[in-house]
Amino acid sequence: GNSVTQMEGPVTLSEEAFLTINCTYTATGYPSLFWYVQYPGEGLQLLLKATKADDKGSNKGFEATYRKETTSFHLEKGSVQVSDSAVYFCALGADFEGGSQGNLIFGKGTKLSVKP
Amino acid sequence: DVKVTQSSRYLVKRTGEKVFLECVQDMDHENMFWYRQDPGLGLRLIYFSYDVKMKEKGDIPEGYSVSREKKERFSLILESASTNQTSMYLCASSLCPPGSCTDTQYFGPGTRLTVL
């Protein structure tokens, strides 16, 4: 079945360092791919998404490219800030017969801590 | 902006109590979801609903039930709370017009439930 695997954390970086959080998926069909972010004490917020192969999602300096050949959707940021400290979740849209019902399958999350 | 609200941020209950968690969304979304979030396990889907009075089991429905009497409101019910239901509970909603659901889910802030 469909699944998402993302790198385990926690990840600790210094401010202005380069960030990569790996995410790979297994899916039939052509699901959309997402990154959600959860700041301390809050619910999840959509960070970025991509709906088809080679699409690049971007927001707040974060980027991820939908790579069908490697079934990956790695999250990157060139220069992290202390305010980026959060838990990041990779997710894919779960297709059902006849099309999506809007369900998502989430990875287990990666906690990022950025030190000044 | 879509707004998803949950009735409580923090809740403490005793074993055996009946617990109601309420979720309300203000964007006329068809789909609503209940997840629980636990360290190391990520988000797990408990139940979802794609229409009023409709419900579908997610991955871990045991010990829970749901109610959707109105489109904007989706309630999670713990019939007899147990200590292993201590967790963070997240509600989400998404748009699902006829023929094509969108995958982007909007989350509430979460309810941290402790069962003593």
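Up top is the structure these notes are about.
Analysis parameters
Residues numbered from 1 in each chain as written. Chains lettered and ligands numbered in written order. Predicted model: local features only at pLDDT ≥ 70, side-chain atom pairs only at ≥ 80, totals over all residues. Heavy atoms only, no water. Helix = DSSP H or I, 4+ residues; strand = E, 2+ residues; numbered from the N terminus. Rg over C-alpha atoms; globule rule 2.2 N^0.38 Å. Buried < 20%, exposed > 50% of the residue type's maximum accessible area, 1.4 Å probe, protein only. Contact = heavy atoms within 4.5 Å. Disulfide = S-S within 2.5 Å. Pairing = 2+ DSSP bridges. Axes fitted to C-alpha atoms, helices over the stretch in contact; angles between N-to-C directions. 1 Å grid on protein atoms, 1.4 Å probe; cavity = no way out; pocket = protein on both sides within 12 Å on 5 of 7 lines; lining within 4 Å. Points joined across faces, edges and corners; volume = space filled by probe spheres on them. Nonpolar A, V, L, I, M, F, W, Y, C, P; charged D, E, K, R; others polar. Core = buried A, V, L, I, M, F, W, Y, C linked by side-chain atoms within 4.5 Å. Phe/Tyr/Trp six-rings, centres within 6.5 Å; stacked < 30°, edge-to-face > 60°.

Visitor: I'd love a proper account of the overall build of chain B, names of residues and values included.
Guide: Along its length, chain B carries zero helices and eleven strands. Listing each helix as α and each strand as β along chain B from the N terminus yields β-β-β-β-β-β-β-β-β-β-β. Computed over the C-alpha atoms, the radius of gyration of chain B is 14 Å, within 12% of the 13 Å expected from 2.2 N^0.38 for a compact globule of 116 residues. Overall, chain B is about 45 × 25 × 25 Å in size when its C-alpha atoms are taken along their principal axes. Expressed as a percentage of the 116 residues in chain B, the buried residues total 48%. Residue pairs in contact within chain B that sit at least 24 positions apart in sequence constitute 57% of those at least 6 positions apart.

Visitor: Before we move on, can you summarise the state of the cysteines with the specific residues and values?
Guide: All names here are of chain B. Following the criterion strictly, the structure yields two disulfides over all chains and no others. One disulfide bridge connects cysteine 23 with cysteine 91, the sulfur atoms lying 1.9 Å from each other. Handedness here is read from the sign of the S-S torsion; for cysteine 23 and cysteine 91, about -75°, the answer is left-handed. Here cysteine 23 is found in strand β3 (residues 19-25), whereas its partner cysteine 91 is found in strand β9 (residues 87-94), with 68 residues between them in sequence. An identical accessibility class is assigned to cysteine 23 and cysteine 91; each is buried.

Visitor: Lay out the sheet that holds strand β7 (residues 64-70) of chain B in plain terms, naming residues and giving numbers.
Guide: Residue and element names in this part refer to chain B. Read across the open sheet, the four strands follow the order β1-β3-β8-β7; overall the sheet is antiparallel. This sheet does not close on itself; its edge strands, each paired only once, are β1 (4-6) and β7. Within this sheet the neighbouring strands show an average axis-to-axis angle of 20°, counted without direction. Relative to strand β8 (residues 73-78), β3 runs antiparallel, the two sharing six bridges. Bridge pairing links glutamate 22 to serine 75 in β8.

Visitor: So what about the layout of surface pockets? Which residues, and what values?
Guide: Put simply, the largest pocket is a space of about 780 Å³. In terms of lining residues, the largest pocket is bounded by 38 residues, among which Val87(A), Phe89(A), Gln37(B), Asp38(B) and Pro39(B) are the most central. Taken together, the elements giving at least two residues each to the lining of the largest pocket come down to β1 (3-6), β10 (86-96), β11 (99-106) and β12 (110-115) of chain A together with β4 (31-38), β9 and β11 (111-115) of chain B. Tallying contributions element by element places β1(A) first for the lining of the largest pocket, with four residues. Each residue belonging to the lining of the largest pocket can be placed in one class, and the counts come to 15 nonpolar, 16 polar and seven charged.

Visitor: Explain the interface of chain A and chain B residue by residue, including any values.
Guide: Every contact between the two is made by 20 residues of chain A and, on the other side, 21 residues of chain B. Sort the elements by how many residues they give to the side of chain A that touches chain B and β11(A) lands first, with six residues. Split by residue class, the side of chain A that touches chain B holds seven nonpolar, ten polar and three charged.

Visitor: Lay out the sheet that holds strand β3 (residues 19-21) of chain A with the relevant residues and their values.
Guide: Residues and elements named next belong to chain A. Spatially, β3-β9-β8-β7 is the arrangement adopted by the four strands of the open sheet, whose pairing is antiparallel. Bordering the open sheet on either side are β3 and β7 (56-59), each of which pairs with just one other strand. Across the sheet, the mean angle from the axis of one strand to that of its neighbour is 15°, orientation sign disregarded.

Visitor: Which residues make up the nonpolar core, and what values go with them?
Guide: Judged by nonpolar contacts, the single largest core of 26 residues is most densely connected at Trp35(A), Leu47(A), Leu48(A), Phe73(A), Leu75(A) and Tyr88(A). With near-sequence residues (within four places) excluded, Tyr88(A) lies in contact with Gln6(A), Ile21(A), Trp35(A), Tyr36(A), Val37(A), Leu47(A), Phe62(A), Leu75(A), Gly109(A), Thr110(A) and Leu112(A). The next biggest cluster of nonpolar side chains, apart from the first, holds 20 residues, and it includes Val4(B), Cys23(B), Val66(B) and Tyr89(B).

Visitor: Lay out the environment of Leu76(B) in plain terms, naming residues and giving numbers.
Guide: Residues and elements named next belong to chain B. One can find leucine 76 in strand β8. What makes leucine 76 buried here is its relative accessible area of 0%. Along the chain, leucine 76 and serine 8 lie 68 residues apart, while their C-alpha atoms are 12 Å from each other. Not counting residues within four places of it along the chain, the set of residues in contact with leucine 76 comprises Val19, Phe20, Leu21, Trp34, Ile46, Tyr64, Ser65, Val66 and Tyr89.

Visitor: Any chance you could break down the packing of aromatic side chains for me, citing the residues and the numbers?
Guide: A complete count under the given rule lists twelve aromatic pairs over all chains for this structure. Between the aromatic rings of Tyr25(A) and Tyr66(A), the centroid separation amounts to 6.0 Å while the plane-to-plane angle is 80°, which identifies the pairing as edge-to-face. Highlighted residues: Tyr25(A) in strand β4 (residues 23-26) and Tyr66(A) in the loop between β8 (62-65) and β9 (75-77), separated in sequence by 41 residues. Here Tyr25(A) falls in the buried class, since its relative accessible area comes to 8%. Centroid distance Phe89(A) to Phe106(A): 6.4 Å. Interplanar angle 90°. Geometry classified as edge-to-face. On the criterion of sequence distance, the pair formed by Phe89(A) in strand β10 and Phe106(A) in strand β11 is long-range, its members being 17 residues apart. Through a chain of ring-to-ring contacts, the aromatic side chains of Phe34(A), Tyr36(A), Phe89(A), Phe106(A), Phe33(B), Tyr35(B), Phe48(B) and Phe107(B) assemble into a single cluster.

Keep in mind these values describe shape, not function.
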